[in-house]
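# Survey of secondary and tertiary structure
Chain by chain, the residues run as shown.
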Amino acid sequence: MEQKNEVYQRLIKSGVRPSVQRYAIMNYLLTHPIHPTVDKVYQGLCDQIPTLSRTTVYNTLRLLAEHNAAQMITIDDHHVCYDGNINPHVHFICKKCGKIIDLFDEKAPRIRKHVTIDGNVIEEEQLYYKGLCADCAAKEKAEREEA
C-alpha cells in the first residue's frame, strides 16, 4: 500500500495527471532501479497493459523527466535511460557491458534550480563516471591471468 501511495504522490507533487499508463510507468521506475531504457520499460509492462505502446512509454518517460518526477540520464545520442531516484547521485557506466550503477557514496553536485554561474543559467546537473564495472574488471583480470 505504501508503494502505491508513493507513486501517486510523486505524480501529483510533480504536476503530472495520473493515468493507468503513467502510474504503471512511474511504479516501474520506482520498483526497478536498473536505469531502464524506453524498450525495457515497455517490455516490462506490455503484458500487464496490452494497449500500451512504445510511443506512450517514450512520451510518458519524457513527461516524467520534464516534471522532475524521474531523471533522464543521457549518456550519448544513442543511449538514454531513466531513473526513478530524483535525488542527486552519481552514476557509473561500464564501457564494456553498458550496465549503469548508482554510486551513492560519491558526492554528487547539488545545484539550486536556475542558479546562474558566469551568466549561464543552470537547470539540471548530471554526473557520471565511465570505466569497467567490478564484474567486467574481474573477467578481464581472470583472462589476463589465464594467458
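What counts and how
- Residues numbered from 1 in each chain as written.
- Predicted model: local features only at pLDDT ≥ 70, side-chain atom pairs only at ≥ 80, totals over all residues.
- Heavy atoms only, no water.
- Salt bridge = Lys/Arg side-chain N within 4 Å of Asp/Glu carboxyl O.
- Helix = DSSP H or I, 4+ residues; strand = E, 2+ residues; numbered from the N terminus.
- Buried < 20%, exposed > 50% of the residue type's maximum accessible area, 1.4 Å probe, protein only.
- Axes fitted to C-alpha atoms, helices over the stretch in contact; angles between N-to-C directions.
- Parallel < 35°, antiparallel > 145°, perpendicular 65-115°, else oblique.
- Contact = heavy atoms within 4.5 Å.
- Nonpolar A, V, L, I, M, F, W, Y, C, P; charged D, E, K, R; others polar.
- Lys, Arg positive; Asp, Glu negative; His and termini not counted.
- Polar contact = N/O pair within 3.5 Å; in protein donor to acceptor, adjacent residues only side chain to side chain.
- Pairing = 2+ DSSP bridges.

So, about the pattern of salt bridges. On inspection of all chains with the given rule, the structure shows four salt bridges. One salt bridge connects Arg54 with Asp39, and the closest N-O pair in it is separated by 2.8 Å. Here Arg54 is found in helix H4 (residues 54-66), whereas its partner Asp39 is found in helix H3 (residues 38-45), with 15 residues between them in sequence. For Arg54, a relative accessible area of 40% gives the class partly exposed. The exposure class of Asp39 is partly exposed, given its relative accessible area of 40%. One salt bridge in this structure joins Arg144 and Glu140, with 3.9 Å as the shortest N-O distance. Of this pair, Arg144 and Glu140 both sit in helix H5 (residues 134-146), four residues apart, which is roughly one turn of the helix. Here Arg144 falls in the exposed class, since its relative accessible area comes to 55%. Overall, Glu140 belongs to the partly exposed group, its relative accessible area being 25%.

At a minimum axis separation of 10 Å, helix H2 (residues 20-31) and H3 run at an interaxial angle of 110°. In terms of orientation, H2 and H3 fall into the roughly perpendicular class. Together, Ala24, Ile25, Tyr28 and Leu29 of H2 and Lys40, Val41, Gly44 and Leu45 of H3 make up the contact between the two elements. Per-class residue counts for the contact of H2 with H3 are six nonpolar, one polar and one charged.

Looking at where Asp102 falls in the secondary structure, it is placed in strand E4 (residues 100-103). It is Arg10 that comes nearest to the buried, bridge-free Asp102 among opposite-charge side chains, at 12 Å. A distance of 2.8 Å separates the side chain of Asp102 from the side chain of His35, its partner in a polar contact. Here the side chain of Asp102 touches His91 through a polar contact of 3.2 Å, side chain to side chain. Look past the residues within four positions of Asp102 in its chain and what remains in contact with it is His35, Asp83, His89, Val90 and His91.

Further remarks concern the pairing of strand E3 (residues 90-94). In terms of burial, E3 is largely enclosed, as five of its five residues are buried. Every second residue of E3 is oriented toward a common face, with Val90, Phe92 and Cys94 on one face and His91 and Ile93 on the other, all of them buried. In terms of strand pairing, E3 meets E4 through four bridges, oriented antiparallel. Of the residues in E4, the one forming a bridge with His91 is Asp102. Following E3, the chain reverses through five residues before pairing antiparallel with E4; Gly98 in that reversal takes a positive phi of roughly 85°. Pairing of E3 with strand E7 (residues 128-131), which is carried by four bridges, proceeds in the parallel orientation.

What follows concerns the sheet that holds E3. The strand order across the open sheet built from three strands is E4-E3-E7, with neighbouring strands paired in mixed fashion. Only two strands of the sheet have a single neighbouring strand rather than two, namely E4 and E7. Here the average twist between neighbouring strands, direction ignored, is 25°.

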